[in-house]
Amino acid sequence: MSVSTAAVDPSLCAPLPVLGADVTVPLVTGGEVTYAALDYAASAPALRRVWDDVAAYAPYYGSVHRGAGYLSQLSTDLFESSRAAVAEFLGCREGDQVVFTRSTTDSLNLLAAVLPADCRVFVFETEHHASLLPWGDSRVTCLDAPRTPAQAVATLERALADREPYGPALVCVTGASNVTGELWPVRELAAAAHAHGARIVLDAAQLAPHHPVDITELDVDWVAFSGHKLYAPFGSGVLAGRSDWLLEAEPYLAGGGASRSVTRRADGGVDVQWHTTAARHEAGSPNVIGVYAIASACRALTEAGFPALVARERALVDRVRAGLAEVPEVRVLSLFGDDAPRVGVISFVVEGWNSSHFAAALSAEYGIGVRDGLFCAHPLVRTLLGGEPLEPGECGAPEAGPGEKSLNAIRVSFGAGTPDEHIDRFLGAVRELVGDGARWTYRTEDGRCVPDRGAAQV
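Residues numbered from 1 in each chain as written. Predicted model: local features only at pLDDT ≥ 70, side-chain atom pairs only at ≥ 80, totals over all residues. Heavy atoms only, no water.

### Some words on the overall build of the protein
Within the protein, the secondary structure is distributed over 13 helices and 19 strands. Relative to a compact globule of 458 residues, whose C-alpha radius of gyration would be 23 Å, the protein shows 23 Å and is just as compact. For the protein, the spread of C-alpha atoms along the principal axes amounts to about 75 × 55 × 55 Å. By element, 52% of the accessible surface of the protein is carried by carbon and sulfur atoms, the whole surface being about 18700 Å². (Helix = DSSP H or I, 4+ residues; strand = E, 2+ residues; numbered from the N terminus. Rg over C-alpha atoms; globule rule 2.2 N^0.38 Å. Areas by Shrake-Rupley, 256 points an atom, 1.4 Å probe, with all protein chains shown as cover.)

### Comments concerning the sheet that holds strand β14 (residues 345–350)
Taken together, the four strands give an open sheet; going across it, the order is β13-β14-β17-β16, and neighbouring strands pair in antiparallel fashion. Either end of the sheet is taken by a strand with one partner, and the two such strands are β13 (330–332) and β16 (371–373). Across this sheet, the average inter-strand angle for adjacent strands is 30 degrees, counted without regard to direction. Sheet topology places β14 next to strand β17 (residues 409–413); four bridges connect them, and they run antiparallel. By the bridge assignment, Val345 is partnered in β17 with Ser413. Helix-sheet contacts for helix α10 (residues 306–325) involve β13, β14 and β17, and the interaxial angle to β14 is about 10 degrees. (Pairing = 2+ DSSP bridges. Axes fitted to C-alpha atoms, helices over the stretch in contact; angles between N-to-C directions. Contact = heavy atoms within 4.5 Å.)

### Side note on the packing of aromatic side chains
One pass over the full model with this rule turns up eleven aromatic pairs. Measuring from ring centre to ring centre gives 6.0 Å for Tyr40 and Tyr231, while their planes differ by 75 degrees; the resulting arrangement is edge-to-face. Placement of Tyr40 in the loop between β3 (36–37) and α1 (48–57) and of Tyr231 in the loop between β9 (222–226) and β10 (237–241) is noted, with a sequence separation of 191 residues between them. Residue Tyr40 is classed as buried on the basis of its relative accessible area, which comes to 4%. Judged by its relative accessible area of 0%, Tyr231 falls in the buried class. (Phe/Tyr/Trp six-rings, centres within 6.5 Å; stacked < 30°, edge-to-face > 60°. Buried < 20%, exposed > 50% of the residue type's maximum accessible area, 1.4 Å probe, protein only.)

### Description of the pattern of salt bridges
On inspection of all chains with the given rule, the structure shows 19 salt bridges. The shortest N-O distance in the salt bridge between Asp420 and Arg319 comes to 3.3 Å. Taken as a pair, Asp420 in helix α13 (residues 420–436) and Arg319 in helix α10 lie far apart in primary sequence, 101 residues in all. By relative accessible area, which is 33% here, Asp420 ends up partly exposed. Residue classification places Arg319 among the partly exposed positions, given a relative accessible area of 31%. One salt-bridge network, in which partners are shared between bridges, spans Arg199, Asp221, Arg242 and Asp244. (Salt bridge = Lys/Arg side-chain N within 4 Å of Asp/Glu carboxyl O.)

### Here we look at the sheet that holds β10
Across the sheet, seven strands lie side by side as β4-β10-β9-β8-β7-β5-β6; this open sheet has mixed pairing. One side of each edge strand has no neighbouring strand; the edge strands of this open sheet are β4 (97–101) and β6 (140–143). For this sheet, the mean inter-axis angle between neighbouring strands, taken without regard to orientation, is 20 degrees. Here strand β5 (residues 120–124) pairs with β6 via four bridges, running parallel. Pairing of Phe122 across the sheet is with Thr141, part of β6. Strands in contact with helix α6 (residues 186–195) are β7 (169–174) and β8 (199–203); relative to β8, the strand with the most contacts, it is inclined by about 155 degrees.

### Side note on the packing of α10 against α13
Helix-helix packing: each pair is described by the crossing angle between the helix axes and the interaxial distance. Two numbers describe how α10 lies on α13: the axes approach to 10 Å, and their chain directions differ by 10 degrees. By the angle between their axes, α10 is roughly parallel relative to α13. In terms of crossing hand, the pair formed by α10 and α13 is right-handed. Contact residues: Arg312, Leu316, Arg319, Val320, Gly323 and Leu324 in α10; Asp420, Ile423, Asp424, Phe426, Leu427 and Val430 in α13. Residue composition of the contact of α10 with α13, grouped by class: seven nonpolar, one polar and four charged. (Parallel < 35°, antiparallel > 145°, perpendicular 65-115°, else oblique. Left-handed = near helix turned anticlockwise from the far one by under 90°. Nonpolar A, V, L, I, M, F, W, Y, C, P; charged D, E, K, R; others polar.)

### Thoughts on helix α11 (residues 355–366)
Relative to the 16 Å expected for twelve residues at 1.5 Å per residue, α11 spans 16 Å between its end C-alpha atoms, a close match to the ideal helical length. Within α11, eleven of the twelve residues are buried, which leaves it mostly tucked inside the rest of the structure. Among all positions of α11, only Ser355, Ser356, His357, Phe358, Ala359, Ala360, Ala361, Leu362, Ala364, Glu365 and Tyr366 are buried. Near the N-terminus of α11, the side chain that reaches the backbone nitrogen of Ser356, with its oxygen 2.9 Å away, is that of Asn354. With its phi angle positive at about 70 degrees, Gly367 sits one or two positions after the end of α11. (Expected span 1.5 Å × (residues − 1). Polar contact = N/O pair within 3.5 Å; in protein donor to acceptor, adjacent residues only side chain to side chain.)

### Regarding a nonpolar patch on the surface
Taken together, Tyr60, Tyr70 and Leu71 make up a surface patch of nonpolar side chains, about 340 Å² in accessible area. Mapped onto the elements of the fold, Tyr70 is located in helix α2 (residues 70–89). (Patch = residues over 30% accessible without salt bridge, like charges linked within 9 Å, V, L, I, M, F, W, Y side chains within 5 Å.)

### Description of the side chain of Ser131
By the secondary structure assignment, Ser131 is in helix α4 (residues 129–132). Separated by 2.7 Å, the side chains of Ser131 and Glu127 make a polar contact. In this structure the side chain of Ser131 is engaged in a polar contact, spanning 3.3 Å, whose partner is the side chain of Asp203.

Following this line, the structure appears as structure tokens:
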């Protein structure tokens, strides 16, 4: 999976305008600084284009699929045109359905709910919990973390060939790791799945904001992603792909909108005819604002040009990795090695530092927002850390003494809206913290590491 950037000069591609670019935050050392949002992998800031589109539509908001009034009709048209925009963004095939959900997690739980009863599911331990946990232990085969893309394909082929009984099977794989940022060999894994009579769903939560995702080209059966990682707020997600399992199963949620006809029976029960469209799994009043925001983000990224966006992000990735490599105490986490292509997601540990305290110092002393913990990918991070750390919770890890292994990691992530200055500030802060130490002491409070204002400044 690659995008040609041979003719693209990343220096000519400016960051896309995002909300919050001028927000200032207080520093524990005094004064304020413009906030450097480097936690895109958790939730990316909203594109200014998305916010403007939503604001323009908001006065015309109305119920969807439920009203004869002008605003209801307008909102219904907008909702369904958003479905078409997402289908185009994903390169959907004829007959594919786009179902709107709350998030990637909701999308994959929906797919889990419609699987045939005897379907086996194959996932690598490297998956985010959203794609690792929905399937239920009784039907899941969890595969060890591969150390090369080729090993991932070979491991999957063996597992699928050896499955017993040789019945329906689903493979769930990430497109880009939320821990290492590394791209997975999706097209090759899809070919392996189909060669062994299995289907495949792509968790594109971290891939879609950084890289084109084309269902037809990748030959995957389904794609799931979240709006809030695609620069679109308001809590909406997508499951797009083949319709047969979706139509053969009972609705994921039973209620208005999913039902086409409901009649009372003489025995007191009800007979229901369910929709045979995506509405079958969209019961209740839909999140039309969230759906429209996703469609707006899809259009904005397409119009900006993915080759230019990818080229600029690769340049930022190279700069961050080179800067971290200059600090001997920093170890960047990786499955596939230094040469593996990746998106703007990088996790690392710092020798002698508790990762939670390091992240807290970046925030309190430099106004930089990163993530620390196990990133809802506990098995993967434990594998990368080389052991089985304690269960400290994602922010309140026990202290790591001098020379001790960190119990969690630090993640810096960025994307289309990240200015170069934020990357430079982050690398400078890392060098200062490692070289000089934090200027404040930190403690755990309500599961978070915060400056200890009752203690003396270091």
